[in-house]
Every structure is written in C-alpha cells, then in structure tokens.
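For reference, the chains in residue letters:
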Amino acid sequence: MLKSAALWRYSIFNFLLIAFLAHWFWQQNQPVDMIEPQLPANGKLNCVSYAPYYGKDESPFIASTVVGKLRIEKDLALLSKRFDCVRTYSVNQGLDYVPEAASKLGMKVLLGAWIGYVKLENDAEFNLAVNLANQYPDTVKGLIIGNEVLLRKEQTEEVMLGYLEEAQRRTEVPVTYADVWEFWLQHPRLEQAVDYITVHVLPYWEDDPQSVDNAIHHAEAVMDKLGTTFKKPLFIGETGWPSVGKHRNASIPSQVNQARYLREFIQVAHDKGWNYNMIEAMDQPWKRILEGTVGGYWGLYSTDLESKFDFKGPVAERHDGLQPLYWALAGLLVFLGLTSITRERRLPAMVAMGSLGILVGATAYVQTGYLEAACRDSTEWIVLVTLTLVGILAMLNLPSLIARGQNKFSATLLFVLVFAALVTSFLLIPKMSFFPRDFNLNPTIGHIIYMIDGRYRNFPLALYALPALQYAIGFLLLGILHRSSFGRYRTINIIALILALLCLIVEPLNIHALLWLGIVALLAYASWPRKGAKA
C-alpha cells in the first residue's frame, strides 16, 4: 500500500496537469483579433476552387462518383454570396454542368481540363473543356489546361505546349496552364502558349515551409520574382492555408492561422492589384489519402457547408463549449468507482485517482478529435484506436497498482508504448524532404518513400502525452517507477530517441517535433533498464 505522502505528491502533479489542460482549452476558445481586409464594393472575393467531393466516400479518383446538377446548383448558390467566380479542375463526373449553373447566377468560371498520364482520357477531357468554353464564352473567363502536371511529372513540357497551342487555335477564351511557381521558372517556354500565367503560391507547402508571420512576405517575394521573369500577366491560381493538420517546421495549420493568412492576403492583393483564386471552397476529405490530415482541411467551408470564419471580427480556434467538462466529469466518476472497487477508501488515494480520472476524461475528448482528423482508412483507425486504448488501459490500471503494487500488465503496456514510439518516430521523418521537387526517383522507390513519408503524418502527441507523463513522472512520485530487467529496452529506446531527434533536426522550428522528442525521452526514462539488466 502506497504511503499517503506519495499519493498527495502525485495529486499535486495531476492538478498541475489539469490546470495546464484547462488553460489550453480556455486559450484555444478565445477569439483572436486580426486584420479586417478591404473588400470590393460588392463585398465579394475574386475566385475560389470548387470541387464537390466533400461527401462521404466521394472522390474524383472513384469513377462511379458523379455529381448531380442539384448539388452543383446548391453549392454555387452558397458560394455566389461570397465569390464572383469558381475554378474547377475537371469537366468530368458531372462538372461539365458548372458553366451552365454559374451562368444562371451571374458567376464566372475558370474552367479546368485535367491532364494526367493517359492520352485517351486527356484528349476527351481537353475536347469537352474547349467545347464548353466555346458554348459559354460569357461565363468561362479562362480555360486552364492542366493543373500541376509538370510537378507530378505526368506529362512533358512539349506535350503541354501542344495542348495549349491547340486550345489557342480552337477557342477565343483566354488560355492558361496552372502550376507551382517554381515550375513556371523551370519551364519558361510555356509563356509563349498562354494568355496569362497561373501560378500557385502556397506558403505551407513550400520546400522551406513558411510561418504564418512570414507567409505574406513570401508571397510578395514570389510575385516580385515572377514579375521580373515573365512579361505576360500573372494570376495566382491557388493560395490558402490549412485549418487542421501536421506542423511543417514553422508552418502551423490552424483555423486562426487560416483566417489570418487569407485576410492579410486579401488586403495585400487589393493594395497590389493581384488577381487570385483561393483554395478552396469546401474541405475535401478524399485529399487526406494523398496528403494526410492537412489535405482535407483547406476549405473555407466544412463538409457540412458551414463557414469556418468570416472576414470581419475576431476568430477562435475551437468552440468546445462544455464538452471538455462533461468528459472530465465522466472520467472522474469512472476512476472513483474503480478505486472503490479495489477497497482503497483513503482520502489521499481517492483524490489521486479522481484527479487522474479528470485528466483521462478530458484527454480522451482531445484524442477523439485527433482520431477523427488523422485516421484516413480502416487500418489507421484500428492501429491508432488500439494505441489510444493501450494508454487508457495503462491509466485504468493505476487504481490496482496503488492497491496491490506493480504487475506485469502495467509493464506490458509500457513496452507496447515504447515500441510503438520507435515505429512512430520512423514514420514521422519527412523522408521526401531529402529530395528536391524536380528530383527523378525510380517510380517504385518513389512510391515506397511516399507511403512512409512523415511529411503527410501527424505527430500523435494527444495519444502519447498523458501515458508518457504518468509512467515517467507520476510513477516516480508514487514510488512505483518501472525499471526493467530486459536489457534490450535500452536499444529500443536509443533507436527511438535517435529517430525522434532526426525529426527535429529535419524541422528544427517544428514545436510538435520538439514535444515528440520530449515524449520519447519520457518513455525512455520510464522504461530504462536497471543496472545489470540482461540483454
């Protein structure tokens, strides 16, 4: 039976964590003041990327996905309140109806023709797009032949020149090609075949990710460089900021940062006379498969078609209400009940386990949100939910530890967490960061690297933080810190620490990488073998 003094020390530790978590919730729910940009006289913005694949299991990569006319009409009616124009990326899967629907609302369309690997599909897409541009010349204000085709290395510069030149011959609508700004600099010949240059300026996705503080300055520098390189007009075909997802060095996705970037960008665009298109209208869950969590959260509207923020007034990161309190109360009741079952009725023990229950409940609320955002398929749901349950079971086992002392179950759960941290550290390393965008990898090797690239994987801080703190510091205060006789723990921990450190070395400004290294260090401290342990 643990001494009362140890239980009181442990309770103080938990209450400090509760205070920290409560402050975090409070801070995240506070409205943040930011610039209110000068909008056009009609209050509408230039243009926004529109892809109607925001429903469950909808994707442009699923051939059976066809967007109905009523969906398009409803979506454009919503967007017409805020934008004068929409940009599409394809005329397939029902999107050929967009020009007609837009014309009824007085909106303009930047009509996109998707160009990929397959020539037969490309030709069909190209021909339909050209025909639509000719059918709706008053609505289609630009025909965009191909989107980031050269970035994806799906066609050559010569092929794209051929498509662009043919489009110029067959339509009077202005013709352009869209790609990341660096690829325009690498392929300046394309200028001769377009009426204006459509560039993508996305500070978050830069090889050197930009902080939101420097993002607008970066956009200005890019536009200045392009302006001195090309003679034809510039159009920013994509710019925006994600509201959820992985930190990339100093670049932090958040709703506040998304609102801040877009508001500041609108003001600068107004001052400098930039024409632009924002990415994007609605969140796109299907993009999470390709780009991780962050890919699905660039929208100004959620998948429920709720606006994330306005362009006037303060913006809050979260809107939790009383939900964290309810979850904390549920955790309190569960842990008090478990403590009573062990017949441990001393006040210090009840306070210790009650405070832990509050932490577990409130943390479970945060973990649920993390899982909903991070899990992209059934495999990730199974793996990450299992890992979450391991941490929760470790906490649920504490009342038994207090009453009966150490047990093998607790040590087993710790081993699972330590080994999972090693694997996670490897998966978190942004491996494609070691290759420039124009580096040509063998397709098979490139696909393997892409599948394990940490660039698209979130740091699972919410799943590990509380178990790591409890095993390392909480158990130390209680006097039940694990010291394994299994010497190979040392090797596992060293490898995990090296991999976690590598994540930080690759992205030294990434706060999440620093916190992850701290979590791995806590787990290593909690499980480090005692002297003389056998390998």
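Heads up: the structure comes first, above all this text.
### Points about the state of the cysteines
Then, number 1: Enumeration according to the criterion identifies 1 disulfide in this entry.
Then, number 2: In this model, Cys-47 is linked to Cys-85 through a disulfide, with the two sulfur atoms separated by 2.2 Å. Since a negative S-S torsion denotes a left-handed disulfide, the Cys-47-Cys-85 link at about -50 degrees is left-handed. Of this pair, Cys-47 sits in the loop between helix 1 (4-28) and strand 1 (48-49) while Cys-85 is found in strand 2 (residues 85-87), placing the two residues 38 residues apart along the sequence.
Then, number 3: What makes Cys-85 buried here is its relative accessible area of 1%.

### Examining the pairing of strand 3 (residues 108-113)
Then, number 1: Burial within strand 3 is extensive, with 5 of its 6 residues counted as buried.
Then, number 2: As paired elements, strand 2 and strand 3 share 3 bridges and run parallel to each other. When the bridges of strand 3 are listed, Val-86 appears paired with Val-109.
Then, number 3: In this sheet, strand 4 (residues 140-147) lies alongside strand 3 in parallel orientation, the contact comprising 5 bridges. The residue bridging Leu-110 from the neighbouring strand is Gly-142, located in strand 4.

### With respect to a nonpolar patch on the surface
Then, number 1: A contiguous nonpolar patch, built from Leu-322, Leu-325, Tyr-326 and Trp-327 and spanning about 420 Å² of accessible area, is present on the exposed surface.
Then, number 2: Its place among the elements puts Trp-327 in helix 11 (residues 323-341).
Then, number 3: For Trp-327, a relative accessible area of 31% corresponds to the partly exposed category.

### A word on the nonpolar core
Then, number 1: Leu-76 and Ile-145 are the most contacted members of the largest nonpolar core, which totals 83 residues.
Then, number 2: The greatest single-element share of this core, amounting to 8 residues, is contributed by helix 9 (residues 255-272).
Then, number 3: Ile-145 has contacts with Ala-113, Ile-115, Phe-126, Met-160, Tyr-163, Leu-164, Ala-167, Val-175, Thr-176 and Tyr-177, leaving out every residue within four places of it along the chain.
Then, number 4: In this structure, Val-366, Ala-374, Leu-387 and Leu-481 belong to the second largest nonpolar core, which totals 67 residues.

### As for the packing of aromatic side chains
Then, number 1: Tallying each qualifying case throughout the model produces 21 aromatic pairs.
Then, number 2: Ring centres of Trp-205 and Tyr-456 lie 6.1 Å apart, and the angle between their planes is 50 degrees; this geometry places the pair in the tilted category. Here Trp-205 is found in the loop between strand 6 (197-200) and helix 8 (212-229), whereas its partner Tyr-456 is found in the loop between helix 16 (443-451) and helix 17 (461-478), with 251 residues between them in sequence.
Then, number 3: The buried category is assigned to Trp-205, whose relative accessible area is 11%.
Then, number 4: A relative accessible area of 17% means that Tyr-456 is categorised as buried.
Then, number 5: Three or more aromatic residues joined by ring pairs make a cluster, and in this case those are Tyr-204, Trp-205, Trp-241, Tyr-261, Phe-265, Trp-274, Tyr-276, Trp-298 and Tyr-456.
Then, number 6: The ring of Tyr-54 has Arg-71 lying over it, and the distance from NZ or CZ to the ring centre is 4.6 Å.
Then, number 7: Positioned above the aromatic ring of Tyr-204, the side-chain terminus of Arg-248 is 5.7 Å from the ring centre.

Parameters at a glance
Residues numbered from 1 in each chain as written. Predicted model: local features only at pLDDT ≥ 70, side-chain atom pairs only at ≥ 80, totals over all residues. Heavy atoms only, no water. Disulfide = S-S within 2.5 Å. Helix = DSSP H or I, 4+ residues; strand = E, 2+ residues; numbered from the N terminus. Buried < 20%, exposed > 50% of the residue type's maximum accessible area, 1.4 Å probe, protein only. Pairing = 2+ DSSP bridges. Patch = residues over 30% accessible without salt bridge, like charges linked within 9 Å, V, L, I, M, F, W, Y side chains within 5 Å. Areas by Shrake-Rupley, 256 points an atom, 1.4 Å probe, with all protein chains shown as cover. Salt bridge = Lys/Arg side-chain N within 4 Å of Asp/Glu carboxyl O. Core = buried A, V, L, I, M, F, W, Y, C linked by side-chain atoms within 4.5 Å. Contact = heavy atoms within 4.5 Å. Phe/Tyr/Trp six-rings, centres within 6.5 Å; stacked < 30°, edge-to-face > 60°. Lys NZ or Arg CZ within 6 Å of the ring centre and 35° of its normal.

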